[in-house]
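Chain residues, written in single-letter form:
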Amino acid sequence: MRLGLLTSSYPTYPGDVPGHFVQGFTRTLERLGHSVDVLTADCGRQPSNVAEPQGSDREAPIPAVRVRYMWPRSWQTTFQGSGVLNNLRQDPRAWPGLVSFPAMLYASARARVSSWDAVVTHWALPGGLVGASLAHRIPHLCVLHSADVHMLGALPQGRAIARWLAARSDTMWFVAEALRDKFSRLLPSWERRALRSRSLVSPMGISPGGVVNRPVEDGTLRVLSIGRLVPIKGLDLAIEAVRDLDNVEIVLAGAGPEAARLRALAHHHRVKLSLPGIVRQGQKQELMRCSSVFILPSRIMRSGRSEGTPTALMEAME
């Protein structure tokens with residue numbers, strides 16, 4: 001089959017982290033014999049300070065159509081990085097992209113839909129909306145993650161959008177059961193049973209890494225977490241949890257707006273903290289080999305937002 005895949009987050013360069021699981025999903029589809037056209041947000045050029053990837057991380061992202069949605073390009077700050085919700089809090093330039101990107105994505109998808117057998121969308125907003133607009137022409141699989149389900153619940157017209165999405169998606173894929181339950185509460189009771197029959201729950205897949213731990217030679221208890229440094233990850237709780245323990249090092253791999261606060265908190269509690277920044281797949285596996293414990297504190301935000309099923313947790317369990 002020839003598939004169109006619409007997403008707002010997708011790797012821009014070899015080793016790029018945002019949307020890496022969408023790229024893995026795309027590679028799996030291609031291994032199964034499908035041809036995939038990826039349409040995603042244009043996020044500009046590769047940053048100049050990105051380290052050269054090593055080993056398997058050199059593998060280039062599957063080519064994608066980068067949909068430009070703001071002029072000048074420096075205003076394309078809505079997607080990638082720390083995620084849409086955090087970008088909106090940090091940069092006023094991110095707000096216009098909420099309107100312009102769906103319009104430009106729809107125009108790009110509509111020009112190609114005649115060559116597709118089906119469309120797959122990641123995140124209900126905006127990919128799912130665009131896919132639903134094309135659903136009268138081809139089948140639509142809508143993949144929903146935590147941020148978009150939360151946004152639907154917070155928007156004034158979220159219930160109407162959820163009903164429209166459910167009606168115009170042949171299948172809805174939720175990465176966690178709690179997300180399907182939360183989405184179903186946006187629908188009238190008589191539509192919830194239909195959702196159950198046309199939806200599935202499964203985390204995004206991972207590539208087997210074959211990680212085998214080796215002990216830390218100096219006897220240090222090395223506690224590892226991998227993910228964006230944002231409030232929902234609850235990484236401050238990890239620091240608080242080990243504040244009274246001796247010979248412990250916390251390694252928080254990733255980047256985000258919480259870095260400075262986490263560093264200050266660790267200094268205050270005299271906790272040994274390492275912030276290696278964004279790590280690629282090969283570096284990630286090496287960190288797991290050299291760590292004693294993997295943690296994923298996570299938290300439910302005051303707004304009610306929670307996480308789905310982070311791929312880093314699945315990789316640590318593999």
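Residues numbered from 1 in each chain as written. Predicted model: local features only at pLDDT ≥ 70, side-chain atom pairs only at ≥ 80, totals over all residues. Heavy atoms only, no water.

### Notes on the nonpolar core
Okay, so step 1: Counting residues in hydrophobic clusters, the biggest one holds 38 residues, and the most contacted among them are Leu144, Met172 and Phe183.
Okay, so step 2: Leaving out residues up to four positions away in the same chain, Leu144 has contacts with Ala124, Val149, Met172, Trp173, Phe174, Val175, Leu179 and Phe183.
Okay, so step 3: Counting 19 residues, the second-largest nonpolar core is a separate cluster that includes Ala41, Phe79, Leu105 and Val130. (Core = buried A, V, L, I, M, F, W, Y, C linked by side-chain atoms within 4.5 Å. Buried < 20%, exposed > 50% of the residue type's maximum accessible area, 1.4 Å probe, protein only. Contact = heavy atoms within 4.5 Å.)

### A look at the pattern of salt bridges
Okay, so step 1: Throughout the structure, instances matching the rule amount to 15 salt bridges.
Okay, so step 2: The shortest N-O distance in the salt bridge between Glu249 and Arg222 comes to 2.9 Å. Of this pair, Glu249 sits in strand S9 (residues 248-253) while Arg222 sits in strand S8 (residues 221-226); the two residues are 27 residues apart in sequence, bridging distant segments of the chain.
Okay, so step 3: Exposure remark for Glu249: the relative accessible area of 11% places this residue in the buried category.
Okay, so step 4: Three or more residues joined by partner-sharing salt bridges are found here, namely Glu177, Arg180, Asp181 and Arg196. (Salt bridge = Lys/Arg side-chain N within 4 Å of Asp/Glu carboxyl O. Helix = DSSP H or I, 4+ residues; strand = E, 2+ residues; numbered from the N terminus.)

### Some remarks on helix H5 (residues 146-154)
Okay, so step 1: Taking burial as the measure, the nine residues of H5 include seven buried ones, the bulk of the element.
Okay, so step 2: Where H5 is concerned, the buried positions are Ser146, Ala147, Asp148, Val149, His150, Met151 and Leu152.
Okay, so step 3: Buried residues belonging to H5 abut helix H2 (84-90), helix H4 (124-134), strand S5 (140-144), helix H6 (158-167) and helix H7 (177-184).

### Topic: the sheet that holds strand S1 (residues 2-6)
Okay, so step 1: Taken together, seven strands build an open sheet; the order of strands is S3-S2-S1-S4-S5-S6-S7 and the sheet is parallel. Both edges of this open sheet fall to strand S3 (64-67) and strand S7 (199-201), since each of them pairs with a single strand only. The sheet shows a mean angle of 20° between the axes of neighbouring strands, taken without regard to direction.
Okay, so step 2: Here four bridges tie S5 to strand S6 (residues 171-174), and the two strands are oriented parallel to one another. Paired with Cys142 across the strands is Met172, a residue of S6. (Pairing = 2+ DSSP bridges. Axes fitted to C-alpha atoms, helices over the stretch in contact; angles between N-to-C directions.)

### Remarks on the sheet that holds S9
Picture the strands of a sheet paired through backbone hydrogen bonds; they go either parallel or antiparallel.
Okay, so step 1: If you walk across this open sheet you meet the four strands as S10-S9-S8-S11, and the pairing is parallel. Strands at the two margins of the open sheet, each flanked by one partner only, are strand S10 (272-277) and strand S11 (293-294).
Okay, so step 2: Here S8 pairs with S11 via two bridges, running parallel. The partner of Val223 across the bridge, within S11, is Val293.
Okay, so step 3: Taken strand by strand, helix H11 (residues 281-289) contacts S8, S9 and S11, and its axis lies near 150° from that of S8.

### Looking at the side chain of Arg305
Okay, so step 1: You can see Arg305 is positioned in the loop between S11 and helix H12 (311-317).
Okay, so step 2: No salt bridge is formed by the buried Arg305; the nearest opposite charge belongs to Glu307, separated by 6.5 Å.
Okay, so step 3: Among all residues touching Arg305, those that are not within four sequence positions of it are Leu85, Ser146, Ala147, His150, Lys182, Arg228, Ile232, Arg299 and Ile300. (Lys, Arg positive; Asp, Glu negative; His and termini not counted.)

### Things to note about the side chain of Ser225
Okay, so step 1: Checked against the element boundaries, Ser225 lands in strand S8.
Okay, so step 2: Judged by relative accessible area, Ser225 falls into the buried class, the value being 4%.
Okay, so step 3: Leave out the neighbours within four places in its chain, and Ser225 touches Leu235, Val251, Leu252, Ala253, Phe294, Ile295 and Pro297.

### Thoughts on the environment of Leu245
Okay, so step 1: As for its placement among the helices and strands, Leu245 is situated in the loop between helix H9 (235-241) and S9.
Okay, so step 2: Using a relative accessible area of 48% as the deciding quantity, one classes Leu245 as partly exposed.
Okay, so step 3: Leu245 sits 160 residues away from Leu85 along the chain, and the two C-alpha atoms are 35 Å apart.

### Some words on the packing of aromatic side chains
Think of a pair of aromatic rings as described by two things: how far the centres are apart, and how the planes are tilted against each other in angle.
Okay, so step 1: Taken as a whole and judged by the stated rule, the model has six aromatic pairs.
Okay, so step 2: Note on Tyr69 and Phe79: the rings are 5.6 Å apart at their centroids and 70° apart in plane angle, and the pair reads as edge-to-face. On the criterion of sequence distance, the pair formed by Tyr69 in the loop between S3 and H2 and Phe79 in the loop between S3 and H2 is long-range, its members being 10 residues apart.
Okay, so step 3: Exposure remark for Tyr69: the relative accessible area of 1% places this residue in the buried category.
Okay, so step 4: Judged by centre distance (5.4 Å) and plane angle (65°), the rings of Tyr69 and Phe101 are edge-to-face. (Phe/Tyr/Trp six-rings, centres within 6.5 Å; stacked < 30°, edge-to-face > 60°.)

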